[in-house]
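Tertiary structure, described
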Amino acid sequence: MSKSNGTQRPIRHRLPELQEASLEEGRSERVRILMASHRTEACLTAPAPGREHDWKDAVQQALSLLRASLGEASQRGESAGGLIAELKTAGGKYYHRVDRLQQEFDEMVRRCDATIEHLRSQGEGESIDYADIRQRVTWLLTSLKHHQAREADLVYEAHGLDIGIGE
């Protein structure tokens with residue numbers, strides 16, 4: 001199969017079983033992250049005035065679920081045999097892009113951890129700046145969407161595989 005510019009795409013049916021398994025794991029991982037992101041967005045958009053602490057607790061729980069999903073993705077990404085890891089160990093033209101994606105992902109995890117810690121440190125008597133929290137978390141979720149798109153583009157470019165989660 002060839003692209004419009006004439007370069008060849010890998011043919012999917014030639015993928016070893018390990019890559020097929022990695023592809024399915026990647027899709028499942030993306031679904032888990034997407035579901036956790038949607039839950040976080042739902043909590044963020046709930047009304048906060050007059051119920052700031054309940055709102056904060058719900059956002060914190062949703063972010064903790066998202067963080068757990070990101071942690072699973074990080075562990076899987078670091079293991080050998082993954083589609084992305086394969087591109088980095090090959091060294092070739094994708095090495096720097098994969099490295100940048102990994103650094104970006106690590107930064108998102110740090111920001112998620114920092115936001116969870118910020119929410120945990122908010123005491124009962126303190127006022128909660130829910131607009132600031134919404135802005136922080138929205139930035140994180142937007143960054144995550146962009147990151148996943150760049151990751152999918154890279155895998156498609158290198159392997160000719162769509163790692164998306166459907167229509």
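Here we summarise the structure given alongside this text. Within each chain, residues carry numbers counting from 1 in the order of the written sequence. Given that the model is predicted, a residue must reach a pLDDT of at least 70 before its local features are reported, and side-chain atom pairs must reach 80 or more before they are shown or counted; all residues, however, enter totals for whole chains, interfaces and linings. As a rule here, side-chain values come from all non-hydrogen atoms in the structure, and water together with hydrogens is ignored.

What follows covers the side chain of His-53. Secondary structure elements follow DSSP: runs of H or I no shorter than four residues count as helices, runs of E no shorter than two count as strands, and numbering proceeds from the N terminus. With respect to the helices and strands, the residue His-53 is situated in helix H2 (residues 52–78). Note on contacts: a residue pair is in contact if any heavy atoms of the two residues lie within 4.5 Å. Discounting chain neighbours no more than four positions away, the residues touching His-53 are Gly-123, Glu-124, Glu-126 and Ile-128.

Of all hydrophobic cores here, the largest spans 24 residues; its most connected members are Val-59, Leu-63, Leu-66, Leu-70 and Ile-133. Top element by residues in this core is H2. It accounts for 7 residues. If sequence neighbours within four positions are ignored, Leu-66 has contacts with Ile-33, Ala-36, Ser-37, Thr-40, Leu-140, Leu-141 and Leu-144. Counting 8 residues, the second-largest nonpolar core is a separate cluster that includes Ile-84, Leu-87, Leu-101 and Val-155. We call a set of buried Ala, Val, Leu, Ile, Met, Phe, Trp, Tyr and Cys residues a nonpolar core when their side-chain atoms join them within 4.5 Å. Exposure categories follow from relative accessible area, calculated using a 1.4 Å probe and restricted to protein chains: below 20% of the type maximum is buried, above 50% is exposed, and the middle band is partly exposed.

Before going further, it helps to spend a moment on the packing of aromatic side chains. Stacked, tilted and edge-to-face are the three classes applied to pairs of Phe, Tyr and Trp rings, where Trp contributes its six-membered ring and a pair requires centres within 6.5 Å; stacked means planes under 30 degrees apart, edge-to-face means over 60, and tilted covers the rest. Counted under the stated rule, the structure contains 1 aromatic pair. Ring centres of Trp-55 and Tyr-130 lie 6.2 Å apart, and the angle between their planes is 70 degrees; this geometry places the pair in the edge-to-face category. Here Trp-55 is found in helix H2, whereas its partner Tyr-130 is found in helix H5 (residues 130–159), with 75 residues between them in sequence. The buried category is assigned to Trp-55, whose relative accessible area is 1%.

Before going further, it helps to examine the pattern of salt bridges. Pairing of side chains with opposite charge becomes possible as their charged atoms draw close. Note on definitions: salt bridges are taken to be side-chain nitrogens of Lys or Arg within 4 Å of carboxyl oxygens of Asp or Glu. As enumerated under the stated definition, the model contains 11 salt bridges in all. Residue Asp-57 is joined to Lys-56 by a salt bridge in which the shortest nitrogen-to-oxygen separation is 3.3 Å.

Where helix H4 (residues 95–121) contacts H5, the two axes come as close as 10 Å, and the packing angle between them is 160 degrees. In terms of their interaxial angle, H4 and H5 are classed as roughly antiparallel. Judged by the twist between their axes, the crossing of H4 over H5 is left-handed. Note on element contacts: H5 touches H4 through Ile-133, Arg-136, Val-137, Trp-139, Leu-140, Ser-143, Leu-144, His-147, Arg-150, Glu-151, Leu-154 and Glu-157, opposite Arg-97, Val-98, Leu-101, Glu-104, Phe-105, Met-108, Arg-111, Cys-112, Thr-115, His-118 and Leu-119. For the contact of H4 with H5, a count of residues per class yields 12 nonpolar, 4 polar and 7 charged. Orientation is described by lines fitted to C-alpha atoms, with helices fitted over the stretch in contact, and by angles between N-to-C directions that extend from 0 to 180 degrees. Note on angle classes: values under 35 degrees are labelled roughly parallel, values over 145 roughly antiparallel, values of 65 to 115 roughly perpendicular, and the remainder oblique. Each helix crossing is assigned a hand: it is left-handed if the near helix lies turned anticlockwise from the far helix by less than a right angle, otherwise right-handed if that turn is clockwise. The residue classification treats Ala, Val, Leu, Ile, Met, Phe, Trp, Tyr, Cys and Pro as nonpolar and Asp, Glu, Lys and Arg as charged. All others, Gly included, are polar.

Geometric descriptors of this kind do not, in isolation, establish any biological role.
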